[in-house]
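# Structural overview for review
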Number of protein chains: 2
Amino acid sequence: MKSLARDPDLNIVLVGLQDVVEAELRTRRGKTSSRLRIHPASEVVAMDESPALAMRNKKDSSMRVAIDLVKSGEADACVSAGNTGALMATARFVLKMLPGIERPAIATEMPTVKGHTYVLDLGANVDCSAEHLLQFGIMGAMLVSALEQRDAPSVGLLNVGEEEIKGNEIVKQAADLLRCSGLNFYGNVEGNDIFKGTTDVVVCDGFVGNIALKSSEGLAKMIATMLREEFKRSMFTRMAGLIALPVLNAFKKRVDPRRYNGATLLGLRGIVIKSHGGADRFAFEHAIEQAIREVRSGVLHRITQQMATLHKDVA
Amino acid sequence: MKSLARDPDLNIVLVGLQDVVEAELRTRRGKTSSRLRIHPASEVVAMDESPALAMRNKKDSSMRVAIDLVKSGEADACVSAGNTGALMATARFVLKMLPGIERPAIATEMPTVKGHTYVLDLGANVDCSAEHLLQFGIMGAMLVSALEQRDAPSVGLLNVGEEEIKGNEIVKQAADLLRCSGLNFYGNVEGNDIFKGTTDVVVCDGFVGNIALKSSEGLAKMIATMLREEFKRSMFTRMAGLIALPVLNAFKKRVDPRRYNGATLLGLRGIVIKSHGGADRFAFEHAIEQAIREVRSGVLHRITQQMATLHKDVA
């Protein structure tokens, strides 16, 4: 594994059905390493399995065992490409929430014109209270602050920009809470601000965040498809495509979703990273990379500290 | 105006401050036409004005006068590039809603891999009940059915795809209502289905729709910026860009947002089209085109009929 070669302090524990993992390792013909070991688990959670049932019935699933390793301190983080709902439910059940955080949120990095921004929640919570959105703001800010050693990353609250209707009641209340939170609260941002990179963090409920993320993915795919179609239209366009290929590849590299693989489940007493289910080697390395960065930068400690400050201020 | 030249049955009434409109017409040096006339209005609603105040206090605004012309039957439709909230509030106040429709919705065409789809609501209503979403579904389906002479356009309900949480309560109820509505209801769709063109109509509340629309706009702009940057990087890339220019232009034409200009305010007893505030000549022509198509295809009649059928079925 490249991650192991790149990082001499990294240890990887592969959790899963022993014979399947071993067979997979053999076909990869990867070098054996003293820093790579297998931890057996006798069950697997299917992608379409009910999260509640998986959590209750599969006590020896690879997912559960991996999270147990984080709980016991044997592992510093868990990276999974499995069933998101089950991962979330199991992690919440086993690890519990950080003090003051009521709900976990899914956060991910997204590319912007200026660099990148973190958006949360992306689907863990479809109904959020203003307090939840405040907590997401704190978690997002502390994540960026830890990962990028920044003092006061800016936080925007995703809202609509129509003149009459500046958002619903919950969003209005959340804005008030964020304004008094001690965070560097920018105020409301609109959908286009995500990719403009207006703020370092964008906060929204999981329903809205999921729709924003998925529609952006859909649009990006449509654009890629149409560009390909146009370059395939004739002899001339194919030639133009060949000449433009290095440029198109450089562009593709910048927006490559694999570079943004690895969403973090924030708010838990442990680091859990969700990789895209269809991740290839390159994408999965990025998810591992995200886990390493979060462990080393002490994200959880920062969130805990900030929540303590907030509650002291309020008390 | 090109629209007049293209359509021999079209009459245009320009509503606004008489001297300003006349001066503007002179600078455009457009041919005078018996089918183009000016209707004076003494006030203008500013873009940042409160919709409620504008509606109450500016009884002779260009917006109000134009909508009054629709109400009186002097005009078949109103096209405005003004303050969306004020346009919505004024149109609702003057024209009233179609029978059975409680709230107007903003609908617009969006490009897809297969062609296009209509999405609504895009920001008129931040809080929607399941019944509102049902009504949006009916309006969207009748719009497509009228404009494209299609019998049973498919309707999708925008939702999140996480395993555990298949949407909030309102969306779940809306799905039940749509399933029994007699429409060709496809079921839930996710954000990426908009651009995949999975259904002819995508229904969502105005908060979610606005975020999806704006974030897509933001992403499209980011991609355009990045492509430009990559093609400007060196002598070689500039040359490649020149060679690829016809292909890039063909692509640009396909996704040109100006071709999708002209959102319709559905649910009113009259046709009101909202053009983008920054629309140029080409984009505004498309908004006029949209108005003409809606008038000629009898959209309002279809919505009214369908609502009557629905209520008969329920009764």
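Residues numbered from 1 in each chain as written. Chains lettered and ligands numbered in written order. Predicted model: local features only at pLDDT ≥ 70, side-chain atom pairs only at ≥ 80, totals over all residues. Heavy atoms only, no water.

### Some words on the overall build of chain A
For chain A, the helix and strand inventory stands at 12 helices and 10 strands. What you see for chain A is a C-alpha radius of gyration of 21 Å, in line with the 20 Å of a compact globule of 315 residues. Expressed along its principal axes, the backbone C-alpha trace of chain A runs to roughly 60 × 60 × 35 Å. In chain A, which comprises 315 residues, the share counted as buried stands at 54%. In chain A, the proportion of contacts linking residues at least 24 apart, taken out of those at least 6 apart, comes to 69%. Counting only carbon and sulfur atoms, one obtains 54% of the accessible surface of chain A, whose full area is about 14500 Å². (Helix = DSSP H or I, 4+ residues; strand = E, 2+ residues; numbered from the N terminus. Rg over C-alpha atoms; globule rule 2.2 N^0.38 Å. Buried < 20%, exposed > 50% of the residue type's maximum accessible area, 1.4 Å probe, protein only. Contact = heavy atoms within 4.5 Å. Areas by Shrake-Rupley, 256 points an atom, 1.4 Å probe, with all protein chains shown as cover.)

### Topic: the sheet that holds strand β4 (residues 105-111) of chain B
Residues and elements named next belong to chain B. Taken together, eight strands build an open sheet; the order of strands is β3-β10-β9-β4-β5-β8-β6-β7 and the sheet is mixed. Where the open sheet ends on each side, the last strands, each with one partner, are β3 (77-80) and β7 (184-189). Ignoring strand direction, the axes of neighbouring strands in this sheet form an average angle of 25°. Packed on one face of the sheet, helix α7 (residues 169-179) meets β6 (154-158) and β7 and runs near 170° to β6. (Pairing = 2+ DSSP bridges. Axes fitted to C-alpha atoms, helices over the stretch in contact; angles between N-to-C directions.)

### Some thoughts on the interface of chain A and chain B
Across the contact, 61 residues belong to chain A and 62 residues belong to chain B. Between chain A and chain B, roughly 5600 Å² of surface is buried when both sides are summed, and carbon and sulfur atoms account for 73% of that area. At the boundary of chain A and chain B, one finds six salt bridges. For Arg254 of chain A, the salt bridge identified is with Glu230 of chain B, shortest N-O distance 3.0 Å. There are eight residue pairs in polar contact (both at pLDDT 80 or more) connecting chain A and chain B. At the level of secondary structure, the elements contributing two or more residues to the side of chain A that touches chain B comprise α5 (84-95), α8 (191-196), α9 (206-231) and α10 (235-255) of chain A. If you tally residues by element for the side of chain A that touches chain B, the top one is α9 of chain A, at 20 residues. Looking at the side of chain A that touches chain B, its residues break down into 33 nonpolar, 18 polar and 10 charged. (Buried area = accessible area lost by both parts, 1.4 Å probe. Salt bridge = Lys/Arg side-chain N within 4 Å of Asp/Glu carboxyl O. Polar contact = N/O pair within 3.5 Å; in protein donor to acceptor, adjacent residues only side chain to side chain. Nonpolar A, V, L, I, M, F, W, Y, C, P; charged D, E, K, R; others polar.)

### A few points about the pattern of salt bridges
Where charged atoms of side chains with opposite charge meet at close range, the side chains can pair. Within this structure, the stated rule accounts for 34 salt bridges over all chains. Residue Arg37 of chain B is joined to Glu74 of chain B by a salt bridge in which the shortest nitrogen-to-oxygen separation is 3.5 Å. On the criterion of sequence distance, the pair formed by Arg37 of chain B in strand β2 (residues 36-40) and Glu74 of chain B in the loop between α4 (62-72) and β3 is long-range, its members being 37 residues apart. Assessed through its relative accessible area of 51%, Glu74 of chain B is described here as exposed. Between Arg150 of chain B and Asp200 of chain B there is a salt bridge, with the nearest N and O atoms lying 2.5 Å from each other. Residue Arg150 of chain B is found in the loop between α6 (130-147) and β6, and its partner Asp200 of chain B is found in the loop between α8 (191-196) and β8 (201-203); the two are separated by 50 residues along the sequence. With relative accessibility at 30%, the residue Arg150 of chain B sits in the partly exposed group. Each of Glu229, Glu230 and Arg233 of chain A together with Arg254 of chain B takes part in salt bridges that share partners, so that together they form one network.

The analysis is restricted to geometry; functional conclusions fall outside its scope.
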